[in-house]
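Topology and contacts: notes
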Amino acid sequence: MASAHFMHIEAATDSTSPIASVDGRNAGGAGPPLNAWVWPVVLGLFTAGGVWALVHEIVWFQLLQLSLGSSAVSLAVLLGTFMGGMGIGSFIAPRLAAVGRHPLAVYAALEAGIAVCGAGLLWAAPTLGSLYAASLPAGYPGLVVRGLVTAVCLLPPTVLMGATMPVLAGFVARTAATDAWLGLLYAGNLAGAVCGCLIAAYGLLPRFDLFTVGSVAVAGNLAVAALAAMVAGCTPAPAPAAFTSQTRRRLDRGLLVAVGLSGLTALAAEVAWTRLLALQIGGTVFAFAVILAVFLAGMGLGSVWAASLARATGDARTAFGLCQLLIPAGITWGAVQLAHSLPLWPINPSLGRDAVATFQLDLVRCLWAVLPATCLWGASFPLAVAALARRGDDPARRVAGASAANTLGAIVGAVAAAPLVWTCSSQGTQRLLILVAAIAAGLALVPIAAAAWRVFPRGRLAVASGGCLAVTWVAAMAWLVPPVSPALVAYGRFSGLWGGDNEFVYIGEGLQASVAVTRTPTGLTLYHNAGKVQASSVSQDMRLQRLLGHLTTLVPESPREVLVIGCGAGVTAGAVSLDPRVESETIVEIEPIVPTAVLAHFSDHNGGVLRDAKVRVVIDDGRHHLLSTPRTYDAITSDPLDPWVRGAAPLYTFEFFELAKSRLRPGGVFTLFVQLYQTNDAAVKSQLATFFAVFPDGLVIGNTLGGMGYDLVLLGQSGPTVIDLDAIARRLDLPEFAAVRGSLADVGIGTVEELFATCIGNADSLCAFLADAEITTDRNLRLQYLAGASLNRFDSASIYARMLAGPFRFPAAAFRGSTDTVQAVEAAMQHAARKAGAEPP
């Protein structure tokens, strides 16, 4: 998410920018002339370096999120550490290049070091993650531990990454290269970053595991290092730079603060806009790759445009100030497009099943919304570096100061953005960013205006008028920022088509996600998250949620302690709480605003579960909670977001299922929701095969709509899956289970036979369907790519029919009880299977 800014810093962090001295002065000394072939080779090397840097970043973040979790807190720690390392690298780079070595040799050493760190991280991340999980304290000490683990993993390679650009650009400047080659160097690095982002998301990661992709990036770094060392051996070292007595002159603190504020607005807006764009185009790994690529491309274009802007104004400081003054317009444009205009585009995503067409459409929408602002941010840093220049100064020291200020602001923006959206809404956050950009503009332009006020008394009216116009301009831009569209929050990429007459009774922008609750004219209540309906009081959804909850507690002999992963509308958790044997229920929900919305609008449907004294709500990532707690449970049920949503796949991996199984007590039950809509055969196969790899005796129970498939419940036990039908029947007849009986009766389930009627079998029953299934592991996260390719498909009935293709096979070993009861369940299953398209046995 913040990679656009990382690469922007990396691509612009050097005093030798083509606009660093707009009057043409060069502080460095010129070395011997170089052969013409050197410049294309250097450009190619740095372009390739940009490719592998982005591939590394994506792999490292996915590896660390498996252990640290996908919560906003964990992501803030990751982003802050990554950017901090880049800033440190940029700061120390001038010292690395000033020790008399050939800059290309230093660059080769940096690339080799990144390769070594990258290879080490591939091996060390799982081990460190295990140690982290075993020793994690609660509360703020836990945050410290997260930070330490992240620092150990990310600081060494990111420091080296941050040093590459200053070292390599220093080689170009000290050899008196033309400004054109400097501009191409920046553009090449950013182009490489764009390519690396798209290649990783669309080419490498859908086909290979994280270890393999990371190894490819390591090999790429080594190849770049080897070629750079060869070029260094074939070219003379440039002459060392010489500086005047003004080298140690203090940098303009006002400009440094302005540079920091520019970095803050860039990263904060990127975080806020990424959330809105994810709603608009779907929060898949592919969508995030497109968003990141657009941010990178916009900043690259802005860096190139900076030279023209400086020449047009004749003054880099003025150009930087005007750029900051235009950023409010860029923010307002993006806000209007994302919150008001794009959600109304009459686009039906379900018609675009071709991946290429979907990519093109997503790319156009991203470019349309964010390109103006990203170009302005892309131009800001090199303009600021140029504005800090003084005749005879030390460019390395100047760039180090600007880079440190910019990185510090970027860290603040990245960390503060999600809490700001949570507390102030996206509208309030963007208005605040407009104010911050205006302050940055003032820090740059007010000294110029003050000087004009003193020197040209007759021009004071013009200065005052300009100030008033600027204030009016900023106020107008802030006023024009609209609130987020309720239809976008509720219906996401279908917001231009769906909604109808539904009433929006709740709209909330939280720390992690945006949530909506709507009510239909007929009184049905719908819970929306990730831009779609996740739960509702509609009959088929209520049946699924109650089936999931009641199976979780009815199958085990003594479900005293139960864990519910994912609060949703609270209906599943409410079904769990109705079992009189449940003494303690823990609900783990990643988004803090969800329990509040559910308590206010779904209590009638979930039995007021969040008010139940035996229920405890924990705000955390479900996987992270299981990793960090030694507690065991009698039953666990998992109802995560759609597998195509980025960050959900870790809740469907082989290792997660093993983790959940290890937290079950003897005879304990694990249940899982699997959807058949907005997915494809390959994704469903992967979910089932991965589940069966850990729970080989598990069962698949369908939730049908008119006899056709809609979604599934998977059920497994800590040992062999054996369901005592008679025991369940006896429990349901007890007076204390009256609430459970009523809850099941509300969704059309009155007997044990009806409870298991839609069970379609086990691994043996589905062996033909699962013949070519791919297992999703922590190393490949395959499901998020399989499901992400088909989020616009609605083929649940046909997928369910293909699951049932072939003769029906009753999983006799999974059921015990009286002969009559077992036969009745078998007959009910056969009838439901034939209705859905299965062949008779």
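Above: the structure in question.
Residues numbered from 1 in each chain as written. Predicted model: local features only at pLDDT ≥ 70, side-chain atom pairs only at ≥ 80, totals over all residues. Heavy atoms only, no water.

What the eight strands build is an open sheet, ordered E7-E6-E5-E8-E9-E11-E10-E13; its pairing is mixed. Across the chains shown, the open sheet's two edge strands, defined by having one partner strand only, are strand E7 (615-619) and strand E13 (759-761). Pairs of neighbouring strands in the sheet enclose a mean axial angle of 20°, with direction left out of account. Lying over the sheet, helix H21 (residues 681-694) contacts strand E9 (664-675), strand E10 (699-705) and strand E11 (708-717), oriented at roughly 15° with respect to E11. (Pairing = 2+ DSSP bridges. Helix = DSSP H or I, 4+ residues; strand = E, 2+ residues; numbered from the N terminus. Axes fitted to C-alpha atoms, helices over the stretch in contact; angles between N-to-C directions. Contact = heavy atoms within 4.5 Å.)

Inspection of the secondary structure puts threonine 374 in helix H11 (residues 355-387). Using a relative accessible area of 0% as the deciding quantity, one classes threonine 374 as buried. Engagement of the side chain of threonine 374 in a polar contact is seen with the backbone oxygen of leucine 371, the distance being 2.9 Å. Beyond its immediate sequence surroundings of up to four residues, threonine 374 is in contact with Val294, Phe295, Gly298 and Met299. (Buried < 20%, exposed > 50% of the residue type's maximum accessible area, 1.4 Å probe, protein only. Polar contact = N/O pair within 3.5 Å; in protein donor to acceptor, adjacent residues only side chain to side chain.)

Moving on, we come to the packing of aromatic side chains. The relation between two aromatic rings is expressed through the spacing of the ring centres and the mutual angle of the planes. Across all of its chains, the model carries 20 aromatic pairs by this definition. Considering the side-chain rings of phenylalanine 46 and tyrosine 107, the 6.0 Å spacing of their centres and the 65° angle between planes classify their relative orientation as edge-to-face. One end of the pair, phenylalanine 46, is in helix H2 (residues 38-68); the other, tyrosine 107, is in helix H4 (residues 103-135), and 61 residues separate them in sequence. The two residues phenylalanine 46 and tyrosine 107 agree in class, both being buried. (Phe/Tyr/Trp six-rings, centres within 6.5 Å; stacked < 30°, edge-to-face > 60°.)

Okay, H21 next. With 14 residues, H21 should cover 20 Å at 1.5 Å per step; its first-to-last C-alpha distance of 20 Å lies within 8% of that length. Of all 14 residues making up H21, twelve are buried, and the element is well covered by its neighbours. Elements in contact with the buried residues of H21: helix H20 (654-662), E9, E10, E11, helix H25 (782-788) and helix H26 (796-803). N-cap assignment for H21: the residue whose side-chain oxygen lies 3.3 Å from the backbone N of alanine 682 is asparagine 680. (Expected span 1.5 Å × (residues − 1).)

Here we take up the sheet that holds strand E4 (residues 532-536). Spatially, E1-E2-E3-E4 is the arrangement adopted by the four strands of the open sheet, whose pairing is antiparallel. Only two strands of the sheet have a single partner each, and these edge strands are strand E1 (503-509) and E4. Taking the axes of each pair of neighbouring strands and ignoring which way they run, one obtains an average angle of 25° across the sheet. Where strand E2 (residues 514-519) and strand E3 (residues 525-529) come together, five bridges link them in antiparallel fashion. Considered in E3, the bridge of arginine 519 is made with threonine 525. Contacts from helix H17 (residues 593-601) reach E1, E2 and E3 within the one sheet, and its direction differs from that of E1 by about 160°.

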